[in-house]
Amino acid sequence: MDLKEQKYVCTLAECQNLTRAAERLYISQPALSIFISKLENSMGIPLFTRKNGKFILTYAGECYVEEARKMLELERSLRKKLDKITSEQSGRIRIGSSVRRSPWLLPPVIAKFEKEWPDVEVVLKEGTISDLNELLDNFELDLVILNLPGLKDDMDYQVLFRDEFLLAVPQFHPINEKSEYVPGSAYRKIDPKHLNGESLFLHASWSSSRQIEDRILEKHHVKPGKIRVIRGTETSFQMIAEGLGIGFIRESYAINLKYRKTVNYYCIDSDDHPIDVVACYRSGAPLPPYMKRMLELLEEHGRNM
């Protein structure tokens, strides 16, 4: 941005003396005099009244200087912002995440990040996987939180945590009595064969969770007595808590869902269905320090859930 004209006029207006203004601008006195005269001629109106070697602003000159100073202040502000961006102390991170995962994963991470990096803007965009992929294709996201199986070929990633796939059972359902102890696991296990004839809550057909559910039911030849397809995880969780059926849920959601009635969680085919939740970004893209710190905080929070 070249605001030489505005700098010359404002400096001369402040000094009111051609020699002092030229010294401050590091140009010769004749060069400054010629510049001001040419400017006034091109504008068709004098900006200064000359009297005894003193340059005093005309009314037109006052109006000019008033607006020119605003332009110079905008330039200084822009330079300051660009300097911070160049030194990687300022910037922007646009994060994409599913509506289900965002509430428990991102708020504490963003709060901690913004205390450490107050000059970095964090923009959160929520949506389905297809929504997020579209934003990513349009270069509207810098970082996306998703399950590793959904990763695109042109993306690099960092694993945040491993998410188990659990069975959610009402507190007083008879199937609780059929659970088995699993050495080294935080959860007891229920054999999927016990789901035969049960009312099951399943995810929508387009979700990655539904693909896992269908594989489990097919693998173990389970024929549900009734199937309820509920899109909202919170809704299906509360319906399970009310004793209306059994469902599947990711461990990260289970940890963060609360309801006045208790739900019991069990592992099921525990070796087959854990998935890695990752933060992904474009391959080959340089990661500024603040982006690396965001990845560290996401991993730290995911690991300590």
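Predicted model, so just to flag it, every value in this text is computed and none were measured.

A.B. asks: Sorry, what's going on with empty space enclosed by the protein here?
C.D. replies: Over the atoms, a rolled probe matching the size of one water molecule traces out where space is still vacant. A complete count under the given rule lists 1 cavity of 30 Å³ or more for this structure. Estimated volume of the largest cavity: approximately 120 Å³. In terms of lining, the largest cavity is formed by 14 residues, of which the most central are His203, Thr233, Ser236, Ile240 and Phe248. Those elements giving two or more residues to the lining of the largest cavity turn out to be strand 8 (199-202), helix 8 (233-241) and strand 10 (246-250). With 4 residues, helix 8 is the largest single contributor of residues to the lining of the largest cavity. Broken down by class, the residue content of the lining of the largest cavity amounts to 8 nonpolar, 5 polar and 1 charged.

A.B. asks: Looking at this structure, I do not really get the sheet that holds strand 3 (residues 91-97). What am I missing?
C.D. replies: Adjacent strands of a sheet form backbone hydrogen bonds with each other and so pair up, either parallel or antiparallel. Spatially, 4-3-5-12-6 is the arrangement adopted by the 5 strands of the open sheet, whose pairing is mixed. The sheet is open, and its two borders are formed by strand 4 (120-126) and strand 6 (155-163), each paired with just one other strand. Neighbour to neighbour, the strand axes of the sheet diverge by 20° on average, direction disregarded. Contacts from helix 5 (residues 102-116) reach strand 3, strand 4, strand 5 (143-147) and strand 6 within the one sheet, and its direction differs from that of strand 4 by about 175°.

A.B. asks: What is the right way to look at the packing of helix 2 (residues 18-25) against helix 3 (residues 29-43) in this model?
C.D. replies: Packed helices, taken two at a time, are described by the angle between their axes plus the distance between the axes. Closest axis-to-axis distance for the helix 2/helix 3 pair is 9 Å, and the angle between their directions is 105°. As far as their axial angle goes, helix 3 and helix 2 are roughly perpendicular. Along its contact with helix 2, which presents Leu18, Thr19, Ala21, Ala22 and Leu25, the element helix 3 presents Gln29, Leu32 and Ser33.

A.B. asks: Help me understand the pattern of salt bridges, please; the structure alone is not making it clear to me.
C.D. replies: Pairing is possible between side chains of opposite charge, provided their charged atoms come close. Under the counting rule described, the total for this entry stands at 15 salt bridges. The closest approach of N and O atoms between glutamate 75 and lysine 7, which form a salt bridge, is 3.8 Å. Taken together, the positions of glutamate 75 in helix 4 (residues 59-86) and lysine 7 in helix 1 (residues 4-15) put the pair 68 residues apart, joining distant regions of the chain. Its salt-bridge partner being lysine 70, residue glutamate 67 comes within 3.5 Å of it at the nearest N-O pair. Here the residue glutamate 67 and the residue lysine 70 both occupy positions in helix 4, the gap between them amounting to 3 residues, near one helical turn. Residue glutamate 67 is classed as partly exposed on the basis of its relative accessible area of 40%. Overall, lysine 70 belongs to the partly exposed group, its relative accessible area being 46%. Via salt bridges that share partners, Glu116, Arg293 and Glu296 belong to a single interconnected network.

Rules used in this analysis
- Residues numbered from 1 in each chain as written.
- Predicted model: local features only at pLDDT ≥ 70, side-chain atom pairs only at ≥ 80, totals over all residues.
- Heavy atoms only, no water.
- 1 Å grid on protein atoms, 1.4 Å probe; cavity = no way out; pocket = protein on both sides within 12 Å on 5 of 7 lines; lining within 4 Å.
- Points joined across faces, edges and corners; volume = space filled by probe spheres on them.
- Helix = DSSP H or I, 4+ residues; strand = E, 2+ residues; numbered from the N terminus.
- Nonpolar A, V, L, I, M, F, W, Y, C, P; charged D, E, K, R; others polar.
- Pairing = 2+ DSSP bridges.
- Axes fitted to C-alpha atoms, helices over the stretch in contact; angles between N-to-C directions.
- Contact = heavy atoms within 4.5 Å.
- Parallel < 35°, antiparallel > 145°, perpendicular 65-115°, else oblique.
- Salt bridge = Lys/Arg side-chain N within 4 Å of Asp/Glu carboxyl O.
- Buried < 20%, exposed > 50% of the residue type's maximum accessible area, 1.4 Å probe, protein only.

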